[in-house]
Every structure is written in structure tokens, then in C-alpha cells.
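Single-letter residue listing:
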Amino acid sequence: LFTQSFLVPSKWLPTSLIQGQLDRIDQTVQSKVEIFDSQKELIRARLRREEESARLTITEIQDTWNTRRPFAGQIHHSQALEVINSLATSLRAHLPLLQKLNKANQMMSLKTLDLSALFVIEEESQSLKELWTLISLTWKKVDDLLEQPVRLVQPTHVLVSLEQINEAILAFPRKFASF
């Protein structure tokens, strides 16, 4: 370029200055890599401790789901919804943290946690919550009938109301047939 009388723009830097900047960047990166390598075992140990805590959390959620899952028909709908809501709250609190732990383990080439059981519990609990919400709406209609004073009860009105409740139950989505 110089032999052809190329005019170098004023914003261009000389190659020696650029090489010096690249060398400083390489030194900075190298020092960061050395720091990371020196702390790698500490990070792995901390991840293992976190993983033990996470395994206990997963086991606790699974045990709670297996022992308190509201499948039985004799459970009151408010109790069932309470169990489902408490599990949903627990899952919302723990799943993001467990997923972050898995990403950290993956970055450190460690074994990741199997969260598939928690995703199944989350899906099942959402379906059960939908079912128990429908059931609670149905029972609200029955409770309204029971709250009527006896002197105001009209048998034909009660019969029509019960038939409507029965139709509402039969109109539940087909996916709840297995429940």
C-alpha cells in the first residue's frame, strides 16, 4: 500500500499497537483461565453439595405426591385443591433452581439430575387441579341446594337442579374419565 502511495486513514492504528492490545487481551484471558482452573475443584465440590440438597428436595416432592395425591373420591374438594396448590407452589419454587443446577453441572461436565419425574408430577397436578376445580364448582351447586330452608324447598326445583348437576358432570372433558 505504501509503494502505491495509499493514503492511510487517520483512524487506522499501526500494527505494532494492535499487536500490543491483542497481547494484553491474551494475557487477561489466560489469567482468567488460570483462576478458573484453580477454582474448578471448589466449584465442583459446591455443585455436588447442591446436588445432594436437590436430590433430597426431589425425593421430598415425589414422596409428598405419592402419599398425598388427591385421587380418592372421599377427599373433600377443598382439601384436594389445597394439596395440589401446595405441590404446585413447591414445584414453581424448586424447578427453576434445579434446572440452573443442571446447567451448571453440564458446564462442568458433571452428571445432571433427572427432573423428568417432577415434570410428570407438574403435568398430573395441573390436570388434577382442573378436575378438582370442576368438582368444586359442582359441589357448590349441591351445597347451595342443601342451604335452602326446608320450608322453601320445591321438589321439582331440586330435581331439575340435580339433573343439571348430573349433566354438568357428564359434560366433564373426556380426559378426566381415567380419574
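For clarity, every value in this text was computed on a predicted model and none was experimentally measured.

1. Some words on the overall build of the protein chain
A count of helical and extended segments in the protein chain gives four helices and zero strands. The order of α-helices and β-strands along the protein chain, N terminus first, is α-α-α-α. Radius of gyration (C-alpha) of the protein chain: 32 Å, far over the 16 Å computed for a compact globule of 179 residues. Taken along its principal axes, the extent of the C-alpha atoms in the protein chain is 110 × 45 × 30 Å. For the protein chain, buried positions account for 22% of its 179 residues. Relative to all contacts within the protein chain whose residues are 6 or more apart in sequence, the contacts with residues 24 or more apart total 73%. Counting every atom, the protein chain has about 13,700 Å² of accessible surface; 58% of that belongs to carbon and sulfur. Side-chain charges in the protein chain split into 21 positive and 21 negative, and the spacing between the mean points of these groups amounts to 5 Å.

2. Side note on a nonpolar patch on the surface
Taken together, the side chains of Leu13, Leu17, Ile18, Leu22, Ile25, Val29 and Val33 present a nonpolar region at the surface, about 570 Å² in accessible area. Position of Ile18 among the secondary structure elements: in helix 1 (residues 15-68). Residue Ile18 is classed as partly exposed on the basis of its relative accessible area, which comes to 36%.

3. Considering unusual backbone geometry
Here Ser109, not a glycine, exhibits a phi torsion of approximately 60°, which is positive. Examined against the element boundaries, Ser109 turns out to sit in the loop between helix 2 (77-107) and helix 3 (116-146).

4. Let's talk about helix 2
Under the 1.5 Å per step criterion, the end-to-end length of helix 2 is 44 Å for 31 residues, consistent within 8% with the ideal 45 Å. The sharpest bend along helix 2 measures roughly 30° and falls at His94, with the proline Pro96 sitting one to four residues further on. Of the residues one or two after helix 2, Ser109 is the one with positive phi, at around 60°.

5. What to know about the confidence of the model for the protein chain
Where the model shows low pLDDT, its predicted coordinates should not be examined in detail. Per-residue confidence for the protein chain gives a mean pLDDT of 86, with 97% of residues at or over 70. Per-element confidence in the protein chain is highest for helix 2, whose mean pLDDT is 91, and lowest for helix 4 (residues 155-170), whose mean pLDDT is 86.

6. Topic: the packing of helix 1 against helix 3
At their nearest, the axes of helix 1 and helix 3 sit 11 Å apart, and the two run at 35° to each other. Helix 1 and helix 3 meet at a crossing whose hand is left-handed. Facing helix 1, whose interface residues are Ile58, Ile61, Gln62 and Trp65, helix 3 presents Ala117, Leu118, Ile121, Glu124, Ser125 and Leu128. Split by residue class, the contact of helix 1 with helix 3 holds seven nonpolar, two polar and one charged.

7. Re the environment of Ala117
Take Ala117: it is sitting in helix 3. Along the sequence, Ala117 and Gln62 sit 55 residues apart, while their C-alpha atoms lie 7.8 Å from each other.

8. Considering the pattern of salt bridges
Scanning the model with the defined rule gives five salt bridges in all. A salt bridge links Asp144 to Lys140; the shortest N-O distance between them is 3.2 Å. Here the residue Asp144 and the residue Lys140 both occupy positions in helix 3, the gap between them amounting to four residues, near one helical turn.

9. Brief notes about the nonpolar core
Judged by nonpolar contacts, the single largest core of 25 residues is most densely connected at Leu98, Leu113, Leu118 and Trp132. At the level of elements, helix 1, helix 2 and helix 3 are the ones that each hand at least two residues to this core. Tallying contributions element by element places helix 2 first for this core, with nine residues. If near-sequence neighbours (up to four positions away) are discounted, Trp132 is found in contact with Pro70, Ala72, Ile75, His76, His77, Ala80, Leu81 and Ile84.

Calculation notes
Residues numbered from 1 in each chain as written. Predicted model: local features only at pLDDT ≥ 70, side-chain atom pairs only at ≥ 80, totals over all residues. Heavy atoms only, no water. Helix = DSSP H or I, 4+ residues; strand = E, 2+ residues; numbered from the N terminus. Rg over C-alpha atoms; globule rule 2.2 N^0.38 Å. Buried < 20%, exposed > 50% of the residue type's maximum accessible area, 1.4 Å probe, protein only. Contact = heavy atoms within 4.5 Å. Areas by Shrake-Rupley, 256 points an atom, 1.4 Å probe, with all protein chains shown as cover. Lys, Arg positive; Asp, Glu negative; His and termini not counted. Charge placed at Lys NZ, Arg CZ, Asp CG, Glu CD. Patch = residues over 30% accessible without salt bridge, like charges linked within 9 Å, V, L, I, M, F, W, Y side chains within 5 Å. Salt bridge = Lys/Arg side-chain N within 4 Å of Asp/Glu carboxyl O. Expected span 1.5 Å × (residues − 1). Bend = angle between axes of the 7 residues up to and from the residue. pLDDT = per-residue confidence, 0-100. Axes fitted to C-alpha atoms, helices over the stretch in contact; angles between N-to-C directions. Left-handed = near helix turned anticlockwise from the far one by under 90°. Nonpolar A, V, L, I, M, F, W, Y, C, P; charged D, E, K, R; others polar. Core = buried A, V, L, I, M, F, W, Y, C linked by side-chain atoms within 4.5 Å.

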